[in-house]
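# Fold and geometry: a report
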Amino acid sequence: MIVSSVAKSRDDEYYTPAYAIQPIKKYIKPNSKIWCPFDTEKSLFVKELSKDGHEVIYTHIEYGQDFFGIDVECDYIISNPPYSKKVDVFKRLFELGRPFAMLVGVVGLFDSIEKADLFKDKEFEIMYLNPRVSYFRDYDNPVEIKGIPYQSAYVCHKILPKQIVFERINKTMY
Ligand SMILES: C[S@@+](CC[C@H](N)C(=O)[O-])C[C@H]1O[C@@H](n2cnc3c(N)ncnc32)[C@H](O)[C@@H]1O
């Protein structure tokens, strides 16, 4: 049920296809408790991670659950965050201190003094996805957006075995 009247930024409403979630799955320990903080029940993060037998807790601004004001006890925090709040999201995640994986565009990821200062002393890993992920804008009609202008990567904390990992994605699996 939608309980919040918080205005959504259209720039934040890009949804993740299942094929972009597959590569992170193998790094998650069995029977984990996973918090998806930018997700409704329609999110494919919620569906794909639940299929693997994990306990998935999802929260979303539409339900009045503002990521910056809540905390959920879990083993991992995994999602694709709102692009307009990327820096604040990573600040909050490092404050929470739990293992996380956030799928983001790589353009400008570290391209400001604020971002460099945020990451420079932190423990983090990156998984680059190839080819580029094509997101979609409607869960009920998941038509992929063509010509995505940037590569995507998971920025992780205490999940990947080394600092940079490259993964191929199979885009036929939507
Ligand atoms: C890039 S979309 C990704 C949605 C979903 N994780 C997926 O991958 O399909 C980010 C979502 O976060 C929501 N959002 C924005 N600000 C939020 C906040 N402060 N707390 C929780 N959710 C928020 C947006 O409305 C949007 O639906």
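Residues numbered from 1 in each chain as written. Predicted model: local features only at pLDDT ≥ 70, side-chain atom pairs only at ≥ 80, totals over all residues. Heavy atoms only, no water.

### Focus on the packing of aromatic side chains
The final tally for this structure, using the stated rule, is 16 aromatic pairs. Between tyrosine 15 and tyrosine 139, the aromatic rings sit 4.1 Å apart at their centres with planes inclined by 15°, giving stacked as the arrangement. Taken together, the positions of tyrosine 15 in the segment before helix H1 (22-25) and tyrosine 139 in the loop between strand S5 (125-130) and strand S6 (152-157) put the pair 124 residues apart, joining distant regions of the chain. Ring centres of phenylalanine 119 and phenylalanine 124 lie 5.1 Å apart, and the angle between their planes is 65°; on these two criteria the pair is classed as edge-to-face. (Phe/Tyr/Trp six-rings, centres within 6.5 Å; stacked < 30°, edge-to-face > 60°. Helix = DSSP H or I, 4+ residues; strand = E, 2+ residues; numbered from the N terminus.)

### Here's the deal with unusual backbone geometry
What is expected of a backbone is that most residues other than glycine have negative phi and most peptide bonds are trans. Look at the link from asparagine 130 to proline 131: it is a cis peptide, with omega at -5°. Turning to its location among the elements, proline 131 is positioned in the loop between S5 and S6. Not every positive phi belongs to a glycine, and asparagine 31 is a case in point at roughly 55°. Looking at the secondary structure, you find asparagine 31 in the loop between H1 and strand S1 (33-36). The exposure class assigned to asparagine 31 is exposed, which follows from its relative accessible area of 66%. (Buried < 20%, exposed > 50% of the residue type's maximum accessible area, 1.4 Å probe, protein only.)

The quantities given are spatial measurements derived from coordinates; they are silent on function.
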